[in-house]
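# Fold and geometry: a report
In case you want the letters, here they are:
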Amino acid sequence: MPIFRQVYMQMRSAILAGTLRPGTKLPSTRDLATQLAVSRSVIVSAYEQLLAEGYTSGKVGSGTYISSDIPELIGQRSARAKRPARVRRAAAPQTPFDADLLDATRRNDDRPFNLGRTLLDARTVDVWRKLSLQSVRSISRMHLGYSDPRGLPELRRSICDYLQAARSVRCDPEQIVVTGGTPQAIDIVIRVLLDPDNRFGWRTRAIR
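What counts, and where the lines are drawn
Residues numbered from 1 in each chain as written. Predicted model: local features only at pLDDT ≥ 70, side-chain atom pairs only at ≥ 80, totals over all residues. Heavy atoms only, no water. Helix = DSSP H or I, 4+ residues; strand = E, 2+ residues; numbered from the N terminus. Buried < 20%, exposed > 50% of the residue type's maximum accessible area, 1.4 Å probe, protein only. Contact = heavy atoms within 4.5 Å. Pairing = 2+ DSSP bridges. Core = buried A, V, L, I, M, F, W, Y, C linked by side-chain atoms within 4.5 Å. Arc of directions from axis to C-beta. Disulfide = S-S within 2.5 Å. Expected span 1.5 Å × (residues − 1).

## Digging into the overall build of the chain
When you go through the chain residue by residue, the secondary structure sums to six helices and two strands. In the chain, the succession of α and β elements from N to C terminus is α-α-α-β-β-α-α-α. When the 208 residues of the chain are sorted by exposure, 18% land in the buried category. Nonlocal contacts in the chain, meaning residues at least 24 apart in sequence, comprise 48% of its contacts between residues at least 6 apart.

## Let's talk about the pairing of strand β2 (residues 63–66)
Sheet topology note: the strand β1 (residues 56–59)/β2 ladder contains four bridges and is antiparallel. What sits directly across from Thr56, in β2, is Ile66.

## Comments concerning the nonpolar core
Counting residues in each nonpolar core, the largest one holds 15 residues, and the members touching the most others are Val7, Met11, Ile15, Ile43, Tyr47, Leu50 and Tyr55. Of all the elements in the fold, those that place two or more residues in this core are α1 (3–17), α2 (29–36) and α3 (40–52). The dominant element in this core, judged by the number of residues it contributes, is α3, at five residues. The contact partners of Leu50, leaving out residues within four places of it in the chain, are Tyr8, Met11, Arg12, Ile15, Tyr55 and Thr56.

## As for α2
Residues that lie three or four places apart on an α-helix share one face, since the helix turns once every 3.6 residues. Those residues of α2 that fall on the buried side of the exposure criterion are Thr29, Leu32 and Ala33. Along the axis of α2, the buried positions cluster into a sector of 105 degrees, meaning they face one direction only. Projecting away from the buried face of α2 at angles above 90 degrees are the exposed residues Arg30, Thr34 and Gln35. Packing partners of the buried residues in α2 comprise α1 and α3. Ala37 sits one or two residues past α2 and shows a positive phi near 60 degrees.

## Observations concerning unusual backbone geometry
Residues other than glycine seldom take positive phi values, yet Ala37 does so here, at roughly 60 degrees. Within the secondary structure layout, Ala37 lies in the loop between α2 and α3. Overall, Ala37 belongs to the exposed group, its relative accessible area being 69%. Although it is not a glycine, Ser168 sits at a positive phi angle of roughly 55 degrees. Inspection of the secondary structure assignment puts Ser168 in the loop between α5 (153–166) and α6 (182–193).

## Re the state of the cysteines
Inspection of the entire model under this criterion finds zero disulfides. With no disulfide partner, Cys160 has as its closest neighbouring cysteine sulfur the one in Cys171, 3.5 Å distant. Note on Cys160: relative accessible area 2%, which makes it buried.

## As for α3
Compared with an ideal rise of 1.5 Å per residue, which puts 13 residues at 18 Å, α3 spans 18 Å between its outermost C-alpha atoms and is within 8% of the ideal. For α3, every residue scored as buried is listed here: Val42, Ile43, Ala46, Tyr47 and Leu50. Considered in projection along α3, the buried side chains sweep an arc of 130 degrees and stay on one side of the axis. Looking at the buried positions of α3, the neighbouring elements they touch are α1, α2, β1 and β2. Looking one or two residues beyond α3, the residue adopting positive phi is Gly54, at roughly 85 degrees.

Listed below in structure tokens is the structure:
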């Protein structure tokens with residue numbers, strides 16, 4: 001395991017165990033590197049990983065602090081859940097991976113984005129509505145049906161301009177075919193070069 005990963009795991013465990021409490025200021029990367037006798041880049045990488053996962057937050061000109069809103073482990077019981085209840089439901093079986101999963105739906109000021117969700121307040125909804133109406137008004141008849149199977153004429157014309165300027169290739173938009181990726185392009189080439197009389201799909205001689 002890389003050294004920076006070891007440092008990150010140790011600090012992450014200390015944060016989750018409560019040894020490093022929320023709001024605690026971490027030592028500077030230079031000081032911690034000196035204490036651990038490792039390069040400063042190792043500590044920087046570990047700090048960046050903690051910051052990316054929401055365990056820490058940085059304050060300009062102040063340093064790095066343990067985040068005040070630590071992501072709770074999925075499956076971990078809260079203090080309220082430990083109170084006796086009149087009717088106790090059977091606990092759902094946990095997989096061995098539950099302890100390593102984080103709640104990706106939580107959001108706060110330090111982590112304003114989350115997985116698969118959009119901030120829905122009055123201002124955001126109004127902006128989305130206006131942008132949607134603008135997009136609908138700007139579409140042409142071409143977008144309401146099937147376009148040229150070779151690709152949009154404007155796109156193929158732009159590709160020709162690029163090839164002529166960057167690669168000195170003389171071509172015409174009619175010679176350009178835009179595909180959805182390499183597999184589709186190979187499929188088209190095979191269909192063009194395939195011998196209709198060959199049931200097995202390939203000629204014995206090389207195709208040049």
